[in-house]
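Spelled out from the first residue to the last, the chains are:
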Amino acid sequence: MSESAERFPLFPLDMVLLPEEVVPLHIFEERYRTMIGECLEQESEFGIVWAGEEGLREVGCAAEVAQLIERTEDGRMNILVKGTRPFRLLRRIEDLPYPAGEVEWLEQDFEADDEELAVEARRAYADLVEQVTDSRPSEVDLAQLDAYGMAATIAFDASDKQELLELRSEQDRLARLAELCATAGKRLARSQEASERAATNGKVHH
């Protein structure tokens with residue numbers, strides 16, 4: 001039976017957080033200042049859930065405050081948070097000064113049965129990173145990354161990240177990640193080609 005938390009703080013945002021991903025947040029609303037303040041005092045997690053056009057999603061990602069960068073006199077905060085583990089929102093809790101809910105922790109599967117698939121996903125990821133940064137990750141670094149670890153460093157669309165977050169099998173996540181990296185690489189190549197053509201007024205120089 002899966003473990004659960006009954007009064008888990010929630011932060012609905014127009015973004016998707018993945019396990020292992022680090023993102024900056026600016027906390028300015030009073031209710032969220034209260035929530036993050038309690039998390040800092042208790043060294044506890046809170047949950048980030050995507051509040052998109054289709055409403056609040058059921059599957060979110062817990063986060064911990066990795067660093068308190070700044071705290072102003074009026075209580076606003078700039079923080080870095082790191083994704084930890086996925087959860088499913090079972091019901092909302094309305095009697096706290098901030099959004100909360102009963103959540104069920106989702107089982108984590110980090111074993112890939114198909115090693116060739118893992119190699120393919122890491123190759124597609126490395127190709128994309130090299131295309132963007134002109135620097136390719138080493139084989140040692142790649143071997144230490146799971147699907148979440150790779151996806152956490154790429155600015156995928158929220159819908160794509162949500163799909164990865166909801167997949168319970170590492171095998172499925174690796175397969176989807178390989179597709180996303182390949183698609184992003186092709187899109188970037190087309191964009192670069194269009195920019196080069198625009199710079200030469202569409203003429204090809206030999």
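Each chain has its residues counted from 1, following the order in which its sequence is written. Whole-chain, interface and lining totals are the exception, using all residues; otherwise, since this is a predicted model, local features are given only for residues with pLDDT of at least 70 and side-chain atom pairs are given and counted only at 80 or more. With hydrogens and water excluded, all non-hydrogen atoms of the structure serve as input to the side-chain values.

In this section: the overall build of the chain. The secondary structure listing takes helices from DSSP runs of H or I that are at least 4 residues long and strands from runs of E that are at least 2 residues long, numbered from the N terminus. Within the chain, the regular secondary structure consists of 6 helices and 7 strands. Beginning at the N terminus, the succession of helices and strands in the chain can be written as β-β-α-β-β-β-β-β-α-α-α-α-α. Dimensions of the chain, computed from the C-alpha atoms along their principal axes, are close to 70 × 45 × 35 Å. Sorting the 206 residues of the chain into buried and exposed places 40% on the buried side. What makes two residues a contact is simply this: any of their non-hydrogen atoms within 4.5 Å. Long-range pairs, those at least 24 residues apart, make up 66% of the contacts in the chain between residues at least 6 apart in sequence. Shrake-Rupley sampling with a 1.4 Å probe provides the accessible areas, and residues are treated as covered by the protein chains on show and by no other component. Just so you have it, the chain exposes about 12,000 Å², and 45% of that area is on carbon and sulfur atoms. When accessible area is computed with a 1.4 Å probe and restricted to protein chains, residues below 20% of their type maximum are described as buried, those above 50% as exposed, and intermediate ones as partly exposed.

Leaving glycine aside, a negative phi is the common case for residues, and trans is the common case for peptide bonds. Not every positive phi belongs to a glycine, and glutamate 20 is a case in point at roughly 85 degrees. By the element assignment, glutamate 20 lies in the loop between strand 1 (4-13) and strand 2 (22-27). For glutamate 20, a relative accessible area of 34% gives the class partly exposed. Positive phi outside glycine occurs at glutamate 43, with the angle close to 55 degrees. Mapped onto the elements, glutamate 43 comes out in the loop between helix 1 (30-42) and strand 3 (46-52).

On the secondary structure map, isoleucine 36 appears in helix 1. Residue classification places isoleucine 36 among the buried positions, given a relative accessible area of 0%. Along the backbone, isoleucine 36 and aspartate 74 are 38 residues apart, and their C-alpha atoms lie at a distance of 14 Å. In contact with isoleucine 36, other than residues within four places in its own chain, are Ile27, Phe46, Val65, Met77 and Ile79.

To continue, consider the pattern of salt bridges. Every case where a carboxyl oxygen of Asp or Glu lies within 4 Å of a side-chain nitrogen of Lys or Arg is listed as a salt bridge. Here the structure, examined in full by the defined rule, presents 14 salt bridges. Its salt-bridge partner being arginine 76, residue aspartate 74 comes within 3.0 Å of it at the nearest N-O pair. For arginine 176, the salt bridge is made with aspartate 160, and the minimal N-O distance between the two is 3.7 Å. Remark: aspartate 160 occurs in helix 5 (residues 158-166) and arginine 176 occurs in helix 6 (residues 170-199); sequence separation between them is 16 residues. The exposure class of arginine 176 is partly exposed, given its relative accessible area of 21%. The network of salt bridges with common partners includes Asp160, Glu163, Arg176 and Glu179.

By convention, a stacked pair of Phe, Tyr or Trp rings (six-membered ring in the case of Trp) has centres within 6.5 Å and planes under 30 degrees apart, an edge-to-face pair has planes over 60 apart, and any other such pair is tilted. According to the stated counting rule, one finds 5 aromatic pairs in the structure shown. Between phenylalanine 8 and phenylalanine 87, the aromatic rings sit 5.7 Å apart at their centres with planes inclined by 70 degrees, giving edge-to-face as the arrangement. Remark: phenylalanine 87 occurs in strand 6 (residues 77-93) and phenylalanine 8 occurs in strand 1; sequence separation between them is 79 residues. As far as the burial class goes, phenylalanine 8 and phenylalanine 87 line up, both buried.

Turning to the pairing of strand 1, a few remarks are in order. Each pair of strands is called paired provided DSSP finds at least two bridges between the two strands. As paired elements, strand 1 and strand 7 (residues 100-105) share 4 bridges and run antiparallel to each other. The residue of strand 7 that forms the bridge with serine 4 is glutamate 104.

Below, the discussion takes up the nonpolar core. Judged by nonpolar contacts, the single largest core of 47 residues is most densely connected at Phe11, Leu25, Ile27, Phe46, Ile48 and Val81. With 8 residues, the single largest contributor to this core is helix 2 (residues 115-133). Setting aside chain neighbours within four positions, we find isoleucine 27 in contact with Phe11, Tyr32, Arg33, Ile36, Arg76, Met77 and Ile79. Counting 9 residues, the second-largest nonpolar core is a separate cluster that includes Ala5, Val49, Phe87 and Val103. Only buried residues count toward a nonpolar core. Its members are Ala, Val, Leu, Ile, Met, Phe, Trp, Tyr and Cys residues joined through side-chain atoms within 4.5 Å.

From the geometry alone we can't say anything about function, so treat these as descriptive.
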